[in-house]
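So the chains spell out like this:
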Amino acid sequence: MFYAIIARDGKDSLARRRRARPAHLERLEKLKADGRLLLAGPHPAIDSEDPGPAGFSGSLVVAEFPSLNEAQAWADADPYVEAGVYTRVKVKPFLKVLP
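Please read these numbers as outputs of a predicted model, since none were measured by experiment.

Undergrad: I'm lost on the environment of Leu38 in this one. Help?
TA: Relative to the helices and strands, Leu38 is located in strand 2 (residues 37-44). Remark: the alpha-carbon pair of Leu38 and Val61, spanning 23 residues in sequence, is separated by 7.8 Å.

Below you can see the structure in the form of structure tokens.
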């Protein structure tokens, strides 16, 4: 089943996000290589593809996991959590309807 991992950045997280980004992307690339990643990306803090110093307000990952517990464990182990980028992470079941 797919799960939506909805994360919220803490205040002034941009520098921490930049430092932890390579490790964060490495985990996402593994999901992609395993054919389990539906989509992933950040939420810009402003209405722009390049928010510059405004940074990001959070992220969304939708990926396939065997269970909600495994999706939560994966999300809890994210380098952005360890680096203090994310202050809140919610994991919810997701049913893909379209496309």
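Undergrad: Looking at this structure, how should I read unusual backbone geometry?
TA: What is expected of a backbone is that most residues other than glycine have negative phi and most peptide bonds are trans. In this chain, Leu98 is followed by Pro99 through a cis amide linkage whose omega measures -10 degrees. Relative to the helices and strands, Pro99 is located in the segment after strand 4 (86-94). Even without a glycine there, the phi angle at Asp12 is positive, about 55 degrees. In this structure, Asp12 sits in the loop between strand 1 (2-9) and helix 1 (14-33).

Undergrad: What should I look at first to understand helix 2 (residues 68-76) in this one?
TA: Along an α-helix, a turn takes 3.6 residues, which lines up residues three or four apart on a common side. Taken as a whole, helix 2 has its buried residues at Ala71, Trp74 and Ala75. Down the axis, helix 2 shows its buried residues gathered within 100 degrees of arc, on one side only. Buried residues in helix 2 make contact with strand 1, helix 1, strand 3 (56-64), helix 3 (79-82) and strand 4.

Definitions and limits used
Residues numbered from 1 in each chain as written. Predicted model: local features only at pLDDT ≥ 70, side-chain atom pairs only at ≥ 80, totals over all residues. Heavy atoms only, no water. Helix = DSSP H or I, 4+ residues; strand = E, 2+ residues; numbered from the N terminus. Buried < 20%, exposed > 50% of the residue type's maximum accessible area, 1.4 Å probe, protein only. Arc of directions from axis to C-beta. Contact = heavy atoms within 4.5 Å.

In short, shape yes, function no, at least from these values alone.
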